[in-house]
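Here is how the chains run, residue by residue.
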Amino acid sequence: LPNDVVTLRRPMDLVYFGNRLRVMGRKHLRFTKLRPDSASTNCVTSCCHTTLLVDHTYYDGKCLLLFPDLVELETVLDPPTFVNGSLDWPPEKLRELPPQPPIGQRVDASGCSWSDKNHAELPPAFEGSVTFEELLGGRDPEVLGLVEDARSWRLRSQSDE
């Protein structure tokens, strides 16, 4: 990860796109979950374990997530418009970030913003395309068994109950 992400000088950028892919090198892909109860499934490279794509139950099979800090993209991206998962950030670090413009997105209980346009219909198939689910092929992802950071919003909110 870039140093400015690791040191919380900026959040990790996220890109959402329709759940249609053209994939080369399928034999070099594996699928993981961080913990047994994870709602996200990651598609990673088997050689260096780079996270390429993320599917989440909330996406309802219609879109996928990609981290441009981890993969090389051949496109120009718009600048980020909000801090995703802001409730996981230490308040003092969040205050150091530039102000976030209002963008008409709803924020769920975890502090994650979600645009309704990302929840549109599944994009149409094109020649050679597959969905994340088709790529997974009915296999169970490998569960990595990572311990959730005690600073996560989810764990902190459970301790408040």
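One can find the structure itself at the top, above this paragraph.
Residues numbered from 1 in each chain as written. Predicted model: local features only at pLDDT ≥ 70, side-chain atom pairs only at ≥ 80, totals over all residues. Heavy atoms only, no water.

**Student:** Explain the packing of aromatic side chains to me, please; I cannot follow it from the model alone.
**Tutor:** Given two aromatic rings, one states the distance between the centres and the angle between the planes to describe the pair. Under the criterion given, the structure shown has 2 aromatic pairs. Their ring planes at 90° and their centres at 5.7 Å tell us that tyrosine 16 and tyrosine 59 sit as a pair that is edge-to-face. Here tyrosine 16, found in strand β1 (residues 15-18), pairs with tyrosine 59, found in the loop between β4 (51-56) and β5 (63-66); they are 43 residues apart in sequence, far enough to count as distant. Residue classification places tyrosine 59 among the buried residues on the basis of a relative accessible area of 6%. Plain terms: the ring middles of phenylalanine 31 and phenylalanine 132 are 5.5 Å apart, the flat faces sit at 90° to each other, and that makes the pair edge-to-face. You can see phenylalanine 31 sitting in strand β2 (residues 29-33) and its partner phenylalanine 132 sitting in helix α3 (residues 132-136), a full 101 residues away along the chain. (Phe/Tyr/Trp six-rings, centres within 6.5 Å; stacked < 30°, edge-to-face > 60°. Helix = DSSP H or I, 4+ residues; strand = E, 2+ residues; numbered from the N terminus. Buried < 20%, exposed > 50% of the residue type's maximum accessible area, 1.4 Å probe, protein only.)

**Student:** Help me understand unusual backbone geometry in this model?
**Tutor:** Residues other than glycine predominantly adopt negative phi, and peptide bonds predominantly adopt the trans conformation. Residue histidine 49 is not a glycine yet carries a positive backbone phi of 65°. One can find histidine 49 in the loop between β3 (40-45) and β4. Located in the positive-phi region is aspartate 60, a residue other than glycine, with phi close to 55°. Inspection of the secondary structure assignment puts aspartate 60 in the loop between β4 and β5.

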